[in-house]
Amino acid sequence: DKVLTELIEPYELRVAKLREFLEDVKPSLRYDIVPLVDPYGPSVTDPDLQCLVVSEETHRGGEAVNKKRLENGLPELALHEILLMKDPDHSQNEEEKISSSSLRQRLLGTLLRPPRQDPALPSRPYVIGLTGGTGSGKTAIAKLLGHLGAFLIDADKLGHAVYVPSGPAYEQVVAAFGAEILNEDGTINRKVLGAKVFGNQVR
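Residues numbered from 1 in each chain as written. Predicted model: local features only at pLDDT ≥ 70, side-chain atom pairs only at ≥ 80, totals over all residues. Heavy atoms only, no water.

1. Section: the overall build of the chain
Selection rule: Secondary structure elements follow DSSP: runs of H or I no shorter than four residues count as helices, runs of E no shorter than two count as strands, and numbering proceeds from the N terminus. This radius of gyration counts C-alpha atoms alone. The globule rule is 2.2 Å times how many residues there are, raised to the power 0.38. Only protein chains enter the accessibility calculation, which uses a 1.4 Å probe; a residue is then buried when its area is under 20% of its type maximum, exposed when over 50%, and partly exposed in between. Residue-level accessible areas treat just the shown protein chains as cover; the underlying method is Shrake-Rupley with a 1.4 Å probe. Think of it this way: Lys and Arg go in the positive column, Asp and Glu in the negative one, and His and the chain ends go nowhere. For this purpose, a charge sits on NZ of Lys, CZ of Arg, CG of Asp or CD of Glu.
For the chain, the count of helices and strands is seven helices and two strands. The order of helices and strands in the chain, counted from the N terminus, is α-β-α-β-α-α-α-α-α. Radius of gyration (C-alpha) of the chain: 27 Å, far over the 17 Å computed for a compact globule of 203 residues. If one aligns the C-alpha atoms of the chain with their principal axes, the spans along those axes are about 80 × 45 × 35 Å. Counting the 203 residues in the chain, one finds 16% classified as buried. Accessible surface, the chain: about 16,700 Å² in total, of which carbon and sulfur atoms supply 57%. In the chain, which carries 24 positive and 29 negative side-chain charges, the distance between the mean positions of the two groups comes to 4 Å.

2. Quick notes on the side chain of Glu-94
Within the secondary structure layout, Glu-94 lies in the loop between strand E2 (78-82) and helix H3 (100-106). With a relative accessible area of 14%, Glu-94 lands in the buried category.

3. Looking at the pattern of salt bridges
Stated formally: Only one rule defines a salt bridge in this text: a Lys or Arg side-chain nitrogen within 4 Å of an Asp or Glu carboxyl oxygen.
In this structure the tally under the stated criterion is seven salt bridges. Of the charged contacts in the structure, one is a salt bridge between Glu-96 and Lys-86, with a shortest N-O distance of 3.9 Å. Pair noted here: Glu-96 is in the loop between E2 and H3 and Lys-86 is in the loop between E2 and H3, with a separation of ten residues, a long-range link. Take Glu-96: its relative accessible area is 49%, and that puts it in the partly exposed class. Its relative accessible area of 61% is what places Lys-86 among the exposed residues. Between Arg-106 and Glu-94 there is a salt bridge; the shortest N-O distance is 2.8 Å. Within this pair, whereas Arg-106 is found in helix H3, its partner Glu-94 is found in the loop between E2 and H3, the two being separated by twelve residues in sequence. Residue classification places Arg-106 among the partly exposed positions, given a relative accessible area of 35%.

Just geometry here; none of it tells us what the structure is for.
Written as structure tokens, this is what we have:
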């Protein structure tokens, strides 16, 4: 259940970056990169392994590995626990640790690759609809698109405009939900209206 799985880089690219990192840190280091096709990988079958590096979050997984090794007639691995590095730039909605999930979230709204030049595509502008619950980032993405030159149409603002006192739906809304939805100045109290609308499935 990874966050934004569609933004996870291909395995081959991640392996290439890992090789580059390992060779940069210690060129003489001997290593073997193995793709995992199950939660355990070679950790429960390789008799030559002696140690497993874990974090506080993955320590229980290390214990599960040792349990499997014992079932397979192999000695337990030494579990070497390391501390997770904190991300000083994490936002309120992100994890405190350095996390690939947070990094993928920060890619939202960025251009990952140049647009394809496809003559089959229509010449008219793209229409992009932003939807999502409260706090999902619609406003932030809309601002980013606006900075890139997109023309923004805010459906919420349009909806609010139709029931201002001079709006085309003002009288109908008041007639349907009663004068108790009005503020002292005659404007519609959106909070009171919302409670009536979402609190009544029929309406």
